[in-house]
Amino acid sequence: MEQHVDTYSPSGRPLRHTKIAVLLLAFALICGVHAYYYFLRGLPVGKDLVAWLLAVGGATALVEASFRLFRREQASLTHEIELCKQADARREDEQERLRRFNRALARISGAPLLYGGNLSAALDQVTETSAHTLEVERVGVWLFVEERTKIRCLNLYERGANRHTSGHELEASRYPAY
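Residues numbered from 1 in each chain as written. Predicted model: local features only at pLDDT ≥ 70, side-chain atom pairs only at ≥ 80, totals over all residues. Heavy atoms only, no water.

Asks: Tell me about the overall build of the chain, and please be specific about residues and values.
Replies: Within the chain, the regular secondary structure consists of four helices and six strands. When the helices and strands of the chain are listed from N to C terminus, the series reads β-β-α-α-α-α-β-β-β-β. Accessible surface, the chain as shown: approximately 13400 Å² in total, 59% of it carbon and sulfur. (Helix = DSSP H or I, 4+ residues; strand = E, 2+ residues; numbered from the N terminus. Areas by Shrake-Rupley, 256 points an atom, 1.4 Å probe, with all protein chains shown as cover.)

What follows is the structure in structure tokens.
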């Protein structure tokens with residue numbers, strides 16, 4: 001009777017580990033050694049030995065098929081393990097990014113400049129912190145003018161140049177996407 005243990009891969013596919021494959025391999029090795037012994041000694045091979053060797057050949061084919069299946073399953077599991085490792089690395093990167101965002105938010109929300117009444121200084125700090133945290137080159141704060149025909153830049157921070165500018169205007173008719 002075949003004994004097995006059902007286990008599952010990370011993707012949920014069932015795997016079957018059989019002890020019979022190991023037993024068949026041992027049997028095939030013993031038979032192979034026995035046949036080689038007859039061959040080396042030049043001994044005659046009887047009907048029983050021929051029948052026995054044919055049975056061994058079938059067992060060997062079964063063992064070879066089992067090993068091919070095992071190798072395929074091993075390759076599949078190796079691939080799944082690699083995918084799991086990549087997913088774990090992405091998840092860790094996302095968690096680190098979230099921690100960085102939370103630290104930046106805490107730093108900005110607790111900054112005295114936000115509550116001091118100096119809008120320009122507060123926007124400087126918000127755009128600078130945002131650019132560094134998001135790892136982008138430019139961050140800007142833009143507002144519509146009263147007529148809503150254009151937008152005006154209150155603060156634009158360029159990280160590479162470490163420079164703040166303001167006052168730029170974009171007309172709605174020339175930049176409908178904005």
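Now, onward.
Asks: Could you give an account of unusual backbone geometry, with specific residues and numbers?
Replies: In this structure, Glu-135 is a non-glycine residue whose phi angle is positive, near 55 degrees. Here Glu-135 is to be found in the loop between helix 4 (119-134) and strand 3 (138-144). Residues other than glycine seldom take positive phi values, yet Arg-148 does so here, at roughly 60 degrees. With respect to the secondary-structure elements, Arg-148 resides in the loop between strand 3 and strand 4 (150-158).

Asks: Can you lay out the pairing of strand 4 for me, pointing to particular residues and giving the numbers?
Replies: Summarising the sheet, strand 3 and strand 4 pair through seven bridges and their orientation is antiparallel. When the sheet's bridge partners are listed, Phe-144 is paired in strand 4 with Ile-151. The loop that links strand 3 with its antiparallel partner strand 4 comprises five residues; one of these, Arg-148, has a positive phi angle of about 60 degrees. In this sheet, strand 6 (residues 169-171) lies alongside strand 4 in antiparallel orientation, the contact comprising three bridges. Within the sheet, the bridge partner assigned to Ile-151 lies in strand 6 and is Leu-170. Looking at chain direction, strand 4 and strand 5 (residues 163-165) are connected through three bridges and run antiparallel. When the bridges of strand 5 are listed, Glu-158 appears paired with Arg-163. Between strand 4 and the antiparallel strand that follows it, strand 5, lie four residues; Asn-162 among them carries a positive phi value of about 50 degrees. (Pairing = 2+ DSSP bridges.)

Asks: Explain the packing of aromatic side chains to me, and be specific about the residues and the numbers.
Replies: Considering all chains together, one arrives at zero aromatic pairs under this definition. One cation-aromatic arrangement involves Arg-148 over Phe-144; the distance from NZ or CZ to the ring centre is 4.1 Å. (Phe/Tyr/Trp six-rings, centres within 6.5 Å; stacked < 30°, edge-to-face > 60°. Lys NZ or Arg CZ within 6 Å of the ring centre and 35° of its normal.)

Asks: So what's going on with the confidence of the model for the chain? Residues and values would help.
Replies: When pLDDT is averaged along the chain, the result is 76; 61% of the residues meet or exceed 70. Across the chain, the secondary-structure element scoring lowest on mean pLDDT is strand 1 (residues 4-8), at 46, and the one scoring highest is strand 5, at 95. Throughout residues 1-10 the model reports pLDDT below 50, and contacts reaching past four residues in sequence, or to other chains, amount to 25 contacts. (pLDDT = per-residue confidence, 0-100. Contact = heavy atoms within 4.5 Å.)

Asks: Lay out helix 4 in plain terms, naming residues and giving numbers.
Replies: Taking 1.5 Å of rise per residue, 16 residues should cover 22 Å, and helix 4 covers 22 Å from first to last C-alpha, within 8% of that figure. Turning to helix 4, its buried residues number three or more, namely Ala-121, Ala-122, Leu-123, Thr-127, Thr-129, Ser-130, Ala-131 and Thr-133. The opening residue of helix 4 is Asn-118, an N-cap whose side-chain oxygen sits 3.3 Å from the backbone nitrogen of Ser-120. A positive phi of about 55 degrees marks Glu-135, the residue just after helix 4. (Expected span 1.5 Å × (residues − 1). Buried < 20%, exposed > 50% of the residue type's maximum accessible area, 1.4 Å probe, protein only. Polar contact = N/O pair within 3.5 Å; in protein donor to acceptor, adjacent residues only side chain to side chain.)

Asks: Give me the lowdown on the side chain of Asn-155, citing residues and values where you can.
Replies: Relative to the assigned elements, Asn-155 resides in strand 4. In this structure the side chain of Asn-155 is engaged in a polar contact, spanning 3.1 Å, whose partner is the side chain of Thr-127. Side-chain polar atoms of Asn-155 contact the side chain of His-164, separated by 3.1 Å. Other than its neighbours up to four places away in sequence, Asn-155 contacts Ser-120, Leu-123, Asp-124, Thr-127, Val-139, Gly-140, Val-141, His-164, Thr-165 and Ser-166.

Asks: Let's hear about the pattern of salt bridges: which residues, and what values?
Replies: Within the structure shown, the criterion is met by eight salt bridges. For the salt bridge of Lys-150 with Glu-169, the shortest nitrogen-to-oxygen distance reads 3.1 Å. With Lys-150 in strand 4 and Glu-169 in strand 6, the pair connects residues that are 19 residues apart, well separated along the chain. When its relative accessible area of 25% is taken as the criterion, Lys-150 is described as partly exposed. When the shortest N-O distance is used, the salt bridge between Arg-152 and Glu-169 registers 2.5 Å. Highlighted residues: Arg-152 in strand 4 and Glu-169 in strand 6, separated in sequence by 17 residues. One salt-bridge network, held together by shared partners, links Glu-92, Glu-96, Arg-99 and Arg-103. (Salt bridge = Lys/Arg side-chain N within 4 Å of Asp/Glu carboxyl O.)

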